[in-house]
Amino acid sequence: MLKRLVKWARVKSPWILHFNSGACNACDIEILAALMPHYDLERFGILLKASPRHADVLICSGPVTKQVAKRLKRIYDQMPEPKFVVAVGACACSGGAFRGCYNVMEGVDQVIPVSAYVPGCPVKPEAIIDGVAKLLGKLQQSAA
Amino acid sequence: MGEKTIRIPIGPQHPFLKEPAKFDFDISGEEIIGARMRIGYNHRGMEKACEERNYYQCLYLLERICGICSHSHTTCYVQAVEDILKLEVPKRGLYLRTLVCELERLHSHFLWLGVAAHEVGFDTLFMYVWRDREVVMEILEEISGNRVNYAINTIGGVRRDLTEEQRKKILGSLDLLKKRLDYYTHIGTHEPSFLARIQGVGKMSKERAIQMCAVGPFARASGLDVDVRRDDQYAAYGDLDFKVITSDQCDVLGRVIVRVLEIAESLKMIQQLLTKLPEGDIAVKKVPRRVPAGFSISRYEAPRGEDVHYVRSNGTEKPERVKVRAPTMANLEAATESIVGSFIADIPIAIASIDPCFSCTDRTAVVLNDKKKGMRITTWEELRRYGVDWYRKNKGIHF
């Protein structure tokens, strides 16, 4: 019973944390735009939180620079279980345009496990909504 | 307790920072008595990466320096390359380039106004502004096919033409934006609770702004009359009639006023561009892939201030050096200083008031001062004199 309640709450109201790990801002403003009235991601109960300790889903953009890799790991560790990571943007998925630059790690999955990849350079708000909705669908199916 | 000071670190991840950066504030009670910043979290090594790509691939990469002012960086870069190649860009190409420049300024200033409102806890305005910003984004998508990185510039012109239908459609959407802007101008300058949070915060005097080399709306809000669009005209700005907005407020309120009025000027410019749009080609037909040896400096008034690109070529397909000085770099020191004397609660809005963009700015520095290897340090005075001489000789501008 309690398990079902927790699962219901998790799927109906995931709280997200947005972290820029060296992105060019394009994906970041599109993530924000997805949360704004025009696209309104909040209708899924999604709320942007400021602290990693409140968040269920980490939305991470950027190719992860070497400077920020350790900090990203720390932020991920601070999030309570169970936690999910969505890599937003081509560079968060694989390094994208910055592949081969001397200061980048080529993707979020080099540092922390990733649950969903949303490619695009930059990602359109529609694609972000699609990615997040798919993640929520997965959560619903999984036996919590 | 008394005189004890406490150091508060903010960043790299913090709710008010949209990008990773770190600030240290020395606090005495509620008052900030010292501030330092540390950047470099966003450094990706793009200038080095440019050296391994050809001129067209660089265009793709440089567009991704910053997602908000992506067009600024590519325009600045192609201007430098066109200058080395001595290309004459067709008038229509220049007009379309300028059109995207101004639309970008529009979306960037709307974005900033929203973020500034959010930083002082005025979320209603934040939501309103971002909703209207979507109108601009749709125009940009209509013109270029992309919402954020437009990829419209190419060496020697632009890549997409504007149809008559699109032209009419854009002119139609401008009316809606104008109507909304009147409302924001009123809110931004009359709403008492908003004013109470921004008036007198982040003071930066005109003299200090000159000393700290402030640029863009930040400098103009301190009464400094600088604007590359007028001072060193590029693209189609020579044909346009516009005012440079300045304010003597010297605080965050001034920066709000400057930006809001600049939106109005941009709307005016877009209207002029669309009505005057000349016929003809949009780009130079044949552009050589190899660029002859030489160098060029290009200046551009990005939404955040003066953007400078330096490109050096060596006769091959790849540039030998591309150097970017983004506007935030020039303003960041000044902004950090302007916080001193304010309260803790004013930190977010004071930092946000320069519209910081760390992805443009970030760099690593290696300090070399090895006299044995013949390295020497250029002093500020020498550098300044060199710059003044260079502009007098090459561009005929007297400071």
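About the thresholds
- Residues numbered from 1 in each chain as written.
- Chains lettered and ligands numbered in written order.
- Predicted model: local features only at pLDDT ≥ 70, side-chain atom pairs only at ≥ 80, totals over all residues.
- Helix = DSSP H or I, 4+ residues; strand = E, 2+ residues; numbered from the N terminus.
- pLDDT = per-residue confidence, 0-100.
- Pairing = 2+ DSSP bridges.
- Axes fitted to C-alpha atoms, helices over the stretch in contact; angles between N-to-C directions.
- Contact = placed C-beta atoms within 7 Å.
- Nonpolar A, V, L, I, M, F, W, Y, C, P; charged D, E, K, R; others polar.

> Got a minute to help me understand unusual backbone geometry in this structure?
Leave glycine aside and you will find that most residues have negative phi; peptide bonds, for their part, are mostly trans. Residue and element names in this part refer to chain A. The linkage connecting Glu 81 with the following residue, Pro 82, adopts the cis geometry, with an omega of -15°. Along the polypeptide, Pro 82 turns up in the loop between α3 (66-78) and β4 (84-88). In this structure, the amide linkage connecting Cys 121 to the following residue, Pro 122, adopts the cis form with an omega of -10°. Mapping Pro 122 onto the fold places it in the loop between β5 (116-118) and α5 (125-141).

> Looking at this structure, I do not really get the confidence of the model for chain B. What am I missing?
Any region with low pLDDT has predicted coordinates that should not be read closely. Scored by pLDDT, chain B has a mean of 88; 96% of the residues are at 70 or more. Quick note on the complex model: pTM equals 0.90, ipTM equals 0.90.

> I'm lost on the sheet that holds strand β3 (residues 57-61) of chain A in this one. Help?
The strands making up a sheet associate through hydrogen bonds between their backbones, and the pairing can be parallel or antiparallel. Residues and elements named next belong to chain A. Within the open sheet, the 5 strands sit side by side as β2-β1-β3-β4-β5. Their pairing is parallel. Strands at the two margins of the open sheet, each flanked by one partner only, are β2 (47-49) and β5. Taking each pair of neighbouring strands and ignoring which way they run, the sheet shows an average axis angle of 30°. Pairing of β3 with β4, which is carried by 5 bridges, proceeds in the parallel orientation. Directly across from Ser 61, in β4, lies its bridge partner Val 88.

> Looking at this model, I keep getting lost on the interface of chain A and chain B. Mind explaining?
At the interface, 32 residues of chain A touch 33 residues of chain B. Residues that form the side of chain A that touches chain B fall into these classes: 20 nonpolar, 8 polar and 4 charged.

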